[in-house]
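Single-letter residue listing:
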Amino acid sequence: MTRRLLLSYLSLAALVLLCLEVPLGFVYSRGERERVVGAAKDEAESVSAYASLSLSAGRAERDLARRVAHCAERIGGKVVVVDASGALLATSHPLAAIMSSNLASRPGIAAALRGTSTVDVRTSTIGGVEYLSVAGPVQRDGRLQGAVWLTLPTRTVHERVHHVWLLLALGGLGVLTAVAVVGFAIACWAGRPIRELERATHELAEGGRARPVTMTKGPPEVRRLATAFNRTAARLAHLLAAQRAFAGEASHQLKTPLAALRLRLENLEPNVCDPGLGSLTAAVTETDRLARMVEGLLAMARLEEASATPAPVDVGAICAERHRTWLPLFEQRRVSLVLFAGSVGPVLAVPGGVEQIVDNLLSNALRASPPDSTVTVELRLHVPARRALRDARPAWVDLHITDEGPGMTADQRARAFDRFWRAPGAPKGGTGLGLSLVQRLAHASGGEASLHASAAGGLDAVIRLPSAEPPREGHESGVDRPAQRKRVVPVLRA
């Protein structure tokens with residue numbers, strides 16, 4: 001904004017200067033030309049009057065020559081006087097014989113011998129005088145006695161005109177400099193509130209609590225805009241806080257009655273006849289599903305409330321620990337759980353985020369996997385291609401959890417991260433919040449979550465997290481590779 005305001009000020013000032021200085025320069029050039037022409041005419045008339053007196057007194061040769069030389073020296077030009085027949089009477093400078101014999105044929109002298117004064121002026125492109133010649137008759141009592149021809153050099157006139165144009169240009173540059181300084185101060189004064197609003201808007205957009213923008217200076221419109229922004233930010237913060245509080249409080253309040261409801265349903269089992277056992281089991285299943293949904297909502301509410309800063313965590317150790325925890329349950333369901341561990345280094349993630357991500361993805365994979373299938377957990381280090389010696393682009397660690405279930409179509413994979421969305425034909429017991437929570441945790445850690453079709457026909461869930469270590473020398477660039485792949489648990493069943 002500051003550059004645009006400064007550019008507009010300078011453009012307007014330059015336009016005004018052009019409209020003022022260019023006409024002023026042409027007016028001065030025209031005035032200088034007229035002054036020089038007038039001075040030349042006065043000198044020609046003065047020499048003509050003196051020549052008339054000298055010719056009448058009979059002192060033409062000596063006195064007239066001295067007068068002509070003095071006039072030529074004063075004006076810095078050349079003066080020639082001829083008689084009525086065109087013969088040379090006096091000159092301020094030597095003339096060639098041919099030129100002396102042809103003086104009467106020159107246009108200016110010929111017109112003066114006919115009694116007419118002439119001025120021959122040629123101007124340059126900027127209005128200055130380029131060539132000046134003045135001729136006038138010498139008369140006494142109405143009788144033509146000769147002619148005076150006077151020429152002036154125009155170098156001085158050119159220098160004066162150029163000097164004036166230079167002064168005008170320097171003056172214009174000085175004015176533009178002053179306008180730039182004043183305009184920059186005004187632009188900074190007008191743009192400072194806008195920059196404060198921009199900073200506060202970025203803070204609000206990044207999920208932080210925008211500090212109120214206090215403005216006592218600046219244009220009135222910007223101050224009113226800052227006041228409106230403060231009201232909007234405060235109202236938005238209040239609404240978000242109320243929403244988070246409602247989600248958290250509702251989840252907490254629902255946990256107790258749900259636990260009591262499940263306990264009562266289990267206590268009813270001895271008193272329910274065989275035809276009603278199916279309905280009782282379904283009620284208990286839905287109660288468990290509702291409890292898991294409440295737990296998911298509570299986890300998401302906690303994630304929104306705690307804007308945790310990502311910190312380095314050992315993703316390999318976490319995957320190994322979660323593998324040991326989930327392995328008995330997988331064996332109970334006759335599903336093989338294989339971990340390909342390797343040295344990929346620490347990653348940046350919110351505290352507890354990797355554990356929740358792995359648990360949710362393993363839970364989904366277990367529900368979708370048929371018996372005698374395999375679920376694979378694999379870590380891959382992705383080092384981007386380095387284009388320069390000091391390339392600061394980070395490396396990534398990809399966590400792959402692949403199953404051999406029915407998988408999803410492309411449209412289903414695109415909607416899988418929506419809250420409460422479940423794929424048609426999905427196993428019972430899901431809440432539709434697990435993948436949404438996984439995506440939120442990945443984004444909070446500075447990474448991404450995506451779903452792909454696996455080669456075995458199931459689903460490949462990929463969680464990309466930023467590496468906490470810079471790329472090491474000797475790593476291949478631009479490829480995904482598992483670092484030192486090591487199978488921790490062999491496949492139990494093919």
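Residues numbered from 1 in each chain as written. Predicted model: local features only at pLDDT ≥ 70, side-chain atom pairs only at ≥ 80, totals over all residues. Heavy atoms only, no water.

Let's shift gears to the environment of alanine 456. Residue placement: alanine 456 occurs in the loop between β11 (448-453) and β12 (459-466). Sequence separation between alanine 456 and glycine 407 is 49 residues; the distance between their C-alpha atoms is 9.4 Å. (Helix = DSSP H or I, 4+ residues; strand = E, 2+ residues; numbered from the N terminus.)

Once that is clear, we can look at the UniProt feature "transmembrane region" (unreviewed entry) in the protein chain. Per the UniProt record, the feature "transmembrane region" (unreviewed entry) sits at residues 164-190. End C-alpha atoms of residues 164-190 are separated by 38 Å, and the span's content is 100% helix alongside 0% strand. (UniProt positions renumbered as here; feature names shortened; annotations may be inferred.)

Below, the discussion takes up the packing of aromatic side chains. Tallied over the entire structure, the rule returns 2 aromatic pairs. Arranged with centres 5.6 Å apart and planes meeting at 85 degrees, the rings of phenylalanine 26 and tryptophan 165 form a pair that is edge-to-face. Taken together, the positions of phenylalanine 26 in helix α1 (residues 2-57) and tryptophan 165 in helix α5 (residues 155-205) put the pair 139 residues apart, joining distant regions of the chain. Given a relative accessible area of 23%, tryptophan 165 falls into the partly exposed group. When the centroid spacing of 6.2 Å and the interplanar angle of 75 degrees are considered together, the rings of tryptophan 326 and phenylalanine 330 count as edge-to-face. Here phenylalanine 330 and tryptophan 326 lie together in helix α8 (residues 315-332), a separation of 4 residues that amounts to about one turn. Pair check on accessibility: tryptophan 326 and phenylalanine 330 agree, each one buried. (Phe/Tyr/Trp six-rings, centres within 6.5 Å; stacked < 30°, edge-to-face > 60°. Buried < 20%, exposed > 50% of the residue type's maximum accessible area, 1.4 Å probe, protein only.)

Another point: the environment of leucine 5. Within the element layout of this structure, leucine 5 appears in helix α1. Between the C-alpha atom of leucine 5 and that of phenylalanine 184, which follows or precedes it by 179 residues, the distance is 8.0 Å. Contacts of leucine 5, omitting those with residues within four sequence positions, involve Ala187 and Ala190. (Contact = heavy atoms within 4.5 Å.)

Judged by nonpolar contacts, the single largest core of 46 residues is most densely connected at Leu362 and Ile463. For leucine 362, the residues in contact, after removing those within four places along its chain, are Trp326, Phe330, Leu337, Val375, Val377 and Ile401. Formed by 21 residues, the second largest nonpolar core is a distinct cluster that contains Ala40, Val47, Cys71 and Val161. (Core = buried A, V, L, I, M, F, W, Y, C linked by side-chain atoms within 4.5 Å.)

With that settled, the discussion passes to unusual backbone geometry. Residue arginine 334 is not a glycine yet carries a positive backbone phi of 60 degrees. Secondary-structure assignment places arginine 334 in the loop between α8 and β7 (336-341). A positive phi angle is found at aspartate 372, which is not glycine, with a value near 60 degrees. By secondary structure assignment, the location of aspartate 372 is in the loop between α9 (353-368) and β9 (374-383).

Let us look at the pairing of β11. Relative to β12, β11 runs antiparallel, the two sharing 6 bridges. Each residue of the ladder has a partner; that of serine 450, found in β12, is valine 462. Between β11 and β12, which pair antiparallel one after the other, the connecting turn spans 5 residues, and glycine 457 there sits at a positive phi close to 95 degrees. (Pairing = 2+ DSSP bridges.)

Moving on, we get to the pattern of salt bridges. Once the charged atoms of two side chains with opposite charge are near each other, the side chains can pair. Per the stated rule, a full pass over the model turns up 7 salt bridges. With a shortest N-O distance of 2.8 Å, aspartate 372 and arginine 334 are connected by a salt bridge. Within this pair, whereas aspartate 372 is found in the loop between α9 and β9, its partner arginine 334 is found in the loop between α8 and β7, the two being separated by 38 residues in sequence. In this structure aspartate 372 comes out as partly exposed when scored by relative accessible area, which is 31%. A salt bridge links arginine 415 to aspartate 418; the nearest nitrogen and oxygen atoms lie 3.7 Å apart. The class of aspartate 418 is partly exposed, set by a relative accessible area of 34%. The network of salt bridges with common partners includes Glu321, Arg322 and Asp359. (Salt bridge = Lys/Arg side-chain N within 4 Å of Asp/Glu carboxyl O.)

Turning our attention to α9. In a regular helix each residue adds 1.5 Å, so 16 residues correspond to 22 Å; α9 covers 23 Å between its end C-alpha atoms and thus fits that length. Among the residues making up α9, those that are buried are Gly353, Val354, Ile357, Val358, Leu361, Leu362, Ala365 and Leu366. (Expected span 1.5 Å × (residues − 1).)

Interhelical geometry of α8 versus α9 gives an angle of 35 degrees and a closest axis separation of 10 Å. When the axes of α8 and α9 are compared, the crossing they make is right-handed. Between α8, through Val315, Ile318, Cys319, Arg322, Trp326, Leu329 and Phe330, and α9, the contact on the second element is made entirely by Val354, Glu355, Val358, Asp359, Leu362, Ser363 and Leu366. Residues belonging to the contact of α8 with α9 are distributed by class as follows: 10 nonpolar, 1 polar and 3 charged. (Axes fitted to C-alpha atoms, helices over the stretch in contact; angles between N-to-C directions. Left-handed = near helix turned anticlockwise from the far one by under 90°. Nonpolar A, V, L, I, M, F, W, Y, C, P; charged D, E, K, R; others polar.)

Quick look at the pairing of strand β5 (residues 143-152) now. Among the 10 residues of β5, 8 are classified as buried, and the element is accordingly described as predominantly covered. As paired strands, strand β1 (residues 78-83) and β5 are joined by 6 bridges and run antiparallel to one another. Residue pairing for β5: lysine 78 is matched across the bridge by threonine 151.

A few words on the confidence of the model for the protein chain. Chain-level statistics for the protein chain give a pLDDT mean of 78 and a share of 80% at 70 or above. Confidence over residues 473-479 falls short of pLDDT 50; this stretch has 15 contacts with residues more than four positions distant or in other chains. Here residues 482-494 scores under 50 on pLDDT; set against residues more than four positions off or in separate chains, the count is 37 contacts. (pLDDT = per-residue confidence, 0-100.)

What follows is about the side chain of serine 445. Turning to its location among the elements, serine 445 is positioned in the loop between α11 (434-444) and β11. Discounting residues that sit within four places of it in the chain, serine 445 has contacts with Pro310, Leu348, Ala349, Val350, Leu465 and Pro466.

Along its 18 residues, α8 runs 26 Å from first to last C-alpha, staying within 8% of the 26 Å computed at 1.5 Å per residue. Considering bend angle alone, the principal kink of α8 is centred on tryptophan 326 and spans about 40 degrees; proline proline 328 follows within four residues of it. Among the residues of α8, those classed as buried are Val315, Gly316, Ile318, Cys319, Arg322, His323, Trp326, Leu327 and Phe330. Of the surrounding secondary structure, the elements contacted by the buried residues of α8 are β6 (311-313), β7, β8 (347-349), α9, β9 and β10 (396-402). Two to three positions downstream of the cap, the backbone nitrogen of glycine 316 sits 3.3 Å from a side-chain oxygen, assigning the N-cap of α8 to aspartate 314. (Bend = angle between axes of the 7 residues up to and from the residue. Polar contact = N/O pair within 3.5 Å; in protein donor to acceptor, adjacent residues only side chain to side chain.)

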